[in-house]
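Fold and contact review
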Amino acid sequence: MRYLITGGAGFIGSRLGEALLAGGHSLLVLDDLSTGSPPGAPAAAYGERYTFVRGSVLDRGLVDELVEQCDAVVHLAAAVGVRLVVERTLRSLATNVLGTEAVARAAHRFGRRLLLASTSEIYGKNADVPLREDSDRILGSPEVARWSYSEAKAVDESLVNAYHREHGLESVVVRFFNTVGPGQSPAYGMVIPRLVRQAVEDRPLTVYGNGLQTRCFMHVDDAVEGVLRLLEDERSIGGTFNLGSSEEISVLGLGRRVIELTGSNSEITFVPHEEAYGKHSEEPLRRVPDTTRVRKLTGWRPRRSLDDVLR
Ligand code: NAD
């Protein structure tokens, strides 16, 4: 198969691309390198099976051209990361909504299967864990609304599902929960890369709020495996799937574990949420996925522990 990965130079995309290439597939990557890195030597080793195109998913002509050349599309391109989304709200919203519209329209036009990367942010401030895909406390309801990144992803899901229902687009929606691992840049403001960097540099580890909020962290290779299984299974079409780890830890506990594993002399300091998130500082206290749906369909479950992730 020839896959198009939008955002394929990013953290999850580059790992997914490597797995697809290793599995004998061909790959087209469309990425504007706004947060991704240019392809390195491993990609070059695949010769004609790997093509990188620097460009934007907002360029409809280019999107059409590339979608036509592939068999299936994995749409990962998005403005990602607290800083980007908080500082450039409207630009991020445009990328995340209009980019997805261009990709979904092209996939429909050329009859290609489409997997959309959505997010646990869809559940907003809903902390009724574990979070199930059929929860009605998702975005659109002011009670759980958080910020524009989540709103854009909610629109993306509606759009892709509408193409599926009304035009028969073969689509799959994947809601990634916190995904971490090699290659994730600390520049995003993501918690694990930040804490690890602070620990190895013997600087204070910054924990927002009181640190009692919990999260679950999935290794990127588990995320990739989940995506591959869903792509390969026809029964996933039209479905929405949580992908995440269920190993829950408080951010404070995480900071302590990072210090232990790195043997760092750092201490933990507490920073008000507002300093990182501004007016979006109201965070969900817990965020734990229910992954029964993907497990029942494909047998997937995360294979790596939090310590594997941290190491
Ligand atoms: P990333 O920032 O590393 O990857 C996104 C890629 O998209 C980058 O390479 C970036 O350069 C590219 N991009 C941005 N705007 C573009 C545009 N207009 N045209 C073309 N390319 C563009 O982030 P990631 O962590 O790999 O995330 C991939 C997807 O998974 C995103 O859609 C994100 O919303 C979703 N997601 C990630 C996580 C996580 O924990 N990493 C959690 C939930 C959802």
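Here's what I pulled together on the structure shown here. Keep in mind it's a predicted model, so treat the numbers as computed, not measured.

1. Overview of the overall build of the protein chain
On a plain count of helices and strands, the protein chain comes out with twelve helices and 13 strands. Over its C-alpha atoms the protein chain spans a radius of gyration of 19 Å, differing by no more than 12% from the 19 Å that the globule rule assigns to 311 residues. Each of the three principal axes of the protein chain carries a C-alpha extent, and together these read 55 × 45 × 40 Å. By the burial criterion, 55% of the 311 residues in the protein chain qualify as buried. In the protein chain, once contacts between residues fewer than 6 apart in sequence are set aside, the share between residues at least 24 apart is 78%.

2. What about the packing of helix α5 (residues 89-110) against helix α6 (residues 148-167)?
At a minimum axis distance of 9 Å, the contact between α5 and α6 shows a crossing angle of 15°. Here α6 runs roughly parallel to α5, going by the angle between their axes. Classified by chirality, the crossing of α6 by α5 is right-handed. Each of Thr89, Leu93, Asn96, Val97, Thr100, Glu101, Ala104, Arg105 and His108 in α5 lies in contact with α6, whose residues at this interface are Ser148, Tyr149, Ala152, Val155, Asp156, Leu159, Val160, Tyr163 and His167. A breakdown of the residues in the contact of α5 with α6 according to their chemical character gives nine nonpolar, six polar and three charged.

3. Quick word on the sheet that holds strand β6 (residues 171-176)
To summarise the sheet geometry, strands pair through backbone hydrogen bonds and adopt either a parallel or an antiparallel arrangement. Taken in spatial order, the seven strands line up as β3-β2-β1-β4-β5-β6-β11 in an open sheet, and their pairing is parallel. In this open sheet, the two strands that pair with only one neighbour each are β3 (50-54) and β11 (240-243). With strand direction ignored, the average angle separating the axes of adjacent strands in the sheet is 20°. Of the strand pairs in this sheet, strand β1 (residues 2-6) and strand β2 (residues 26-31) are connected by five bridges, and their pairing is parallel. What sits directly across from Tyr3, in β2, is Leu27. The sheet strands contacting helix α1 (residues 11-22) are β1, β2, β3, β4 (72-75) and β6, and the helix crosses β1 at an angle near 170°.

4. A look at helix α7 (residues 191-200)
Of all ten residues in α7, seven are buried; the element is thus mostly enclosed. Along α7, the residues that are buried comprise Val191, Ile192, Pro193, Arg194, Leu195, Gln198 and Ala199. Structurally, α7 contributes buried residues whose contacts are with β7 (179-180), β8 (205-208), α9 (251-262) and α12 (306-310). Of the residues one or two after α7, Asp202 is the one with positive phi, at around 55°.

5. Side note on the pairing of β8
In β8, alternate side chains face the same way, and those of Leu205 and Val207 on one face and Thr206 and Tyr208 on the other are all buried. In this sheet, strand β13 (residues 268-271) lies alongside β8 in parallel orientation, the contact comprising four bridges. By the bridge assignment, Thr206 is partnered in β13 with Thr269.

6. A look at the nonpolar core
By size, the foremost hydrophobic cluster in this structure holds 31 residues, and its most contacted members are Leu16 and Phe176. Leave out the neighbours within four places in its chain, and Phe176 touches Ile12, Leu76, Ala117, Ser118, Thr119, Ser120, Met218, Ala223, Val227 and Leu243. Membership of the second largest hydrophobic core comes to 23 residues, among which are Leu66, Ala106, Phe110 and Val160.

Rules behind the numbers
- The numbers attached to residues start from 1 for each chain and follow its sequence in the written order.
- The predicted origin of the model limits local features to residues at a pLDDT of at least 70 and limits the giving and counting of side-chain atom pairs to 80 or more, whereas totals for whole chains, interfaces and linings rest on all residues.
- To obtain the side-chain values, all non-hydrogen atoms of the structure were included, while hydrogens and water were left out.
- Here a strand is any run of E in DSSP of at least two residues, a helix any run of H or I of at least four, and the numbering for each starts at the N terminus.
- For the radius of gyration, the atoms used are the C-alpha atoms, and the globule rule reads 2.2 Å times the number of residues raised to 0.38.
- A simple rule labels every residue: compare its accessible area, found with a 1.4 Å probe on the protein chains alone, to the largest value its type can have, and call it buried under 20%, exposed over 50%, or partly exposed in between.
- When checking whether two residues touch, look at their non-hydrogen atoms; a contact exists if any pair is within 4.5 Å.
- The convention used is that axes are lines fitted to C-alpha atoms, helices contributing only their stretch in contact, and that angles between N-to-C directions extend from 0 to 180 degrees.
- Angle categories are assigned with fixed cut-offs, so that under 35 degrees is roughly parallel, over 145 is roughly antiparallel, 65 to 115 is roughly perpendicular, and the rest are oblique.
- For any helix crossing, the convention is left-handed if the near helix is rotated counterclockwise from the far helix by under a right angle, and right-handed if that rotation is clockwise.
- Side-chain classes follow a simple rule in which Ala, Val, Leu, Ile, Met, Phe, Trp, Tyr, Cys and Pro form the nonpolar group, Asp, Glu, Lys and Arg form the charged group, and the remainder, Gly included, forms the polar group.
- The pairing criterion for strands is at least two bridges between them, as found by DSSP.
- Side-chain atoms within 4.5 Å link the members of a nonpolar core, which is a set of buried Ala, Val, Leu, Ile, Met, Phe, Trp, Tyr and Cys residues.

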